[in-house]
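As a plain string of letters, each chain reads:
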Amino acid sequence: MHCRGATFAILACGVGDPPERYALAELFGTARREMMDHIPHCRRLGMEVMEIGPRRATVRLPYRDELVGDPVRRVVFGGVITTLLDHAGGLAVFASLPELKTIATLDLRIDYLRAADAERDLVGEAHCYKLTTHVAFVRATAWERGPDDPFASCLGTFMVGANTSLSPTARLLRARAGSG
Amino acid sequence: MRGRQALAVIPYARFLDVRIEDDRQGIVCVLPFRDDLVGNVALPALHGGVVGAFLELTALVQAIELVDSERVPKPITFTVDYLRSAGPRDTRGRAEVVKHGRRIANVRVLAWQEDPARPVAAGIGNFLL
């Protein structure tokens, strides 16, 4: 059973959809704060997983003065959006895998559509719209006012099964499996 | 505004502690390694977003050198290619302005760790001057 928990996980498995297997299904849900705790940089930035479900992830980056890129306009540095969308994209890829594999970002292109509002929390939302044997393709947006008014959009590709070492998320899942 | 001044006034550049080294070919930016920049503790490796942000910052510093303005150029698009995982050591980056127009600068940037011939990431971006 792969559609327990989050509301949108249930919606995503509508009538007639073939049953899907997701390696991360037991982590699907909202406010999965613990998914960032083992990643030093995400912890340092205070990033949170707002929601994770089949092929999708939404991540929040709380506003902090130290992330400002333009001292006059008080907006977060563009490159920080890279961190937000790279991470949301990577999670969306993880959330699309039937079996746990390691992943690595291959490339990211970010379009800065407008300046983000000053001193606001930023949200990154990613969707893995295509998964092949070796490569996953992701679309993502970043917003602060609401999902319909993004200030950045992003296309990314990720290698799947990129190397043999364990990813932090894989370790988290194995630790949970071990303790459960 | 010059690159060094920019790094001093951009809070995120101070957060990353990015510095400038000069060599005969121009500006080299340095991102000192720090434990809280790690994205994968198993490898370990810098967070891909930090590498991308460092590339963008290096490109921005090079773009700032072009313009005689107090304003920080705004990125319009930025693309990062991840070539190798970036290990737990200092990262260096060098940018090159490909095209400098009246309003737009197109800037290319490469980052490496121990060997410039083995880059960890490459970036290219358009900035509104």
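What counts and how
- Residues numbered from 1 in each chain as written.
- Chains lettered and ligands numbered in written order.
- Predicted model: local features only at pLDDT ≥ 70, side-chain atom pairs only at ≥ 80, totals over all residues.
- Helix = DSSP H or I, 4+ residues; strand = E, 2+ residues; numbered from the N terminus.
- Rg over C-alpha atoms; globule rule 2.2 N^0.38 Å.
- Buried ≥ 20, exposed ≤ 12 C-beta atoms within 10 Å, placed from the backbone.
- Contact = placed C-beta atoms within 7 Å.
- Nonpolar A, V, L, I, M, F, W, Y, C, P; charged D, E, K, R; others polar.
- Pairing = 2+ DSSP bridges.
- Core = buried A, V, L, I, M, F, W, Y, C linked by C-beta atoms within 7 Å.
- Expected span 1.5 Å × (residues − 1).
- pLDDT = per-residue confidence, 0-100.

> What am I meant to see in the overall build of chain B here?
Counting its secondary structure elements, chain B contains 3 helices and 8 strands. Along the chain direction, N to C, the helices and strands of chain B fall in the order α-α-β-β-β-β-α-β-β-β-β. Taken over C-alpha atoms, the radius of gyration comes to 14 Å for chain B, in line with the 14 Å a tight globule of 129 residues would show. Expressed as a percentage of the 129 residues in chain B, the buried residues total 47%.

> Whenever I open this one, the overall build of chain A confuses me. Can you help?
Of the regular secondary structure elements, chain A holds 4 helices and 9 strands. Ordering the α and β elements of chain A from the N terminus gives α-β-α-β-β-β-β-α-β-β-β-β-α. For chain A, the residues scored as buried account for 46% of the 180 residues in total. The long-range share in chain A, meaning contacts at least 24 apart out of those at least 6 apart in sequence, stands at 62%.

> Can you help me understand the interface of chain B and chain A in this one?
Interfaces are often sized by the accessible area lost when the parts come together. The interface is formed by 32 residues belonging to chain B together with 34 residues belonging to chain A. No other element matches the 8 residues that strand S5 (residues 74–82) of chain B contributes to the side of chain B that touches chain A. Here the side of chain B that touches chain A is composed, by residue class, of 19 nonpolar, 9 polar and 4 charged.

> What am I meant to see in unusual backbone geometry here?
One can expect most non-glycine residues to show negative phi and most peptide bonds to be in trans. Residues and elements named next belong to chain B. For the bond from Leu43 to Pro44, the omega torsion is -15°, close enough to zero to count as cis. For Pro44, the position within the fold is in the loop between strand S3 (38–40) and strand S4 (45–46). Not every positive phi belongs to a glycine, and Asp17 is a case in point at roughly 60°. As for its placement among the helices and strands, Asp17 is situated in the loop between helix H2 (11–16) and strand S1 (19–23).

> I'm lost on the pairing of strand S2 (residues 26–31) of chain B in this one. Help?
Consecutive side chains along a regular strand alternate between the two faces of the sheet. All names here are of chain B. Where S1 lies against S2, 5 bridges are found, and the strand directions are antiparallel. Residue pairing across strands places Glu21 opposite Val28, the latter belonging to S2. Connecting S1 to the antiparallel partner S2 that follows it, the hairpin turn spans 2 residues. Pairing geometry for S2 and strand S6 (residues 91–100), over 3 bridges, is antiparallel. Residue pairing for S6: Cys29 is matched across the bridge by Gly93.

> Please clarify how the nonpolar core should be interpreted in this entry.
Across soluble globular proteins, nonpolar side chains show a tendency to be buried alongside one another. Ranked by size, the top nonpolar core spans 89 residues in total, and within it Leu85 and Leu91 of chain A together with Phe54 of chain B carry the most contacts. Broken down by element, the residue count for this core peaks at 11 residues, all from helix H3 (residues 48–66) of chain B.

> Looking at this structure, how should I read the pairing of S5 of chain B?
Relative to S5 of chain B, strand S6 (residues 103–112) of chain A is paired through 5 bridges, and the arrangement is antiparallel. Residue pairing in the sheet places Asp111 of chain A in a bridge with Thr77 of chain B of S5 of chain B. Bridging between S5 of chain B and strand S8 (residues 119–128) of chain B involves 8 bridges; their strand directions are antiparallel. Among the inter-strand pairings, Tyr82 of chain B is bridged to a residue of S8 of chain B, identified as Ala121 of chain B.

> Is there a simple way to think about the environment of His134 of chain A in this case?
Residues and elements named next belong to chain A. With respect to the helices, strands and loops of the structure, His134 is situated in the loop between strand S7 (122–131) and strand S8 (135–143). On a C-alpha basis, the gap between His134 and Met159 in space is 5.8 Å, while along the polypeptide they are 25 residues apart. Sequence-distant contacts of His134, that is, excluding residues within four places in its chain, are made with Met159, Val160 and Gly161.

> Got a minute to help me understand helix H3 (residues 78–94) of chain A in this structure?
Helical geometry note: an α-helix holds 3.6 residues per turn, so side chains three or four residues apart project in the same direction. Between its terminal C-alpha atoms H3 of chain A stretches 25 Å, which fits the 24 Å expected from 17 residues at 1.5 Å a residue. For H3 of chain A, a buried count of 17 out of 17 residues is recorded, marking the element as mostly surrounded by other parts of the structure.

> Honestly, H3 of chain B in this entry has me stumped. Any pointers?
Here H3 of chain B spans 28 Å end to end across 19 residues, near enough to the 27 Å set by a 1.5 Å rise per residue. In terms of burial, H3 of chain B is largely enclosed, as 17 of its 19 residues are buried.

> How should the confidence of the model for chain A be read in this particular structure?
Interpretation of this model should avoid reading the predicted coordinates in detail wherever pLDDT is low. When pLDDT is averaged across chain A, the result is 85; 80% of the residues are at 70 or more. This model gives residues 1–16 of chain A a pLDDT under 50, and the stretch forms 22 contacts once residues within four places in sequence are excluded.

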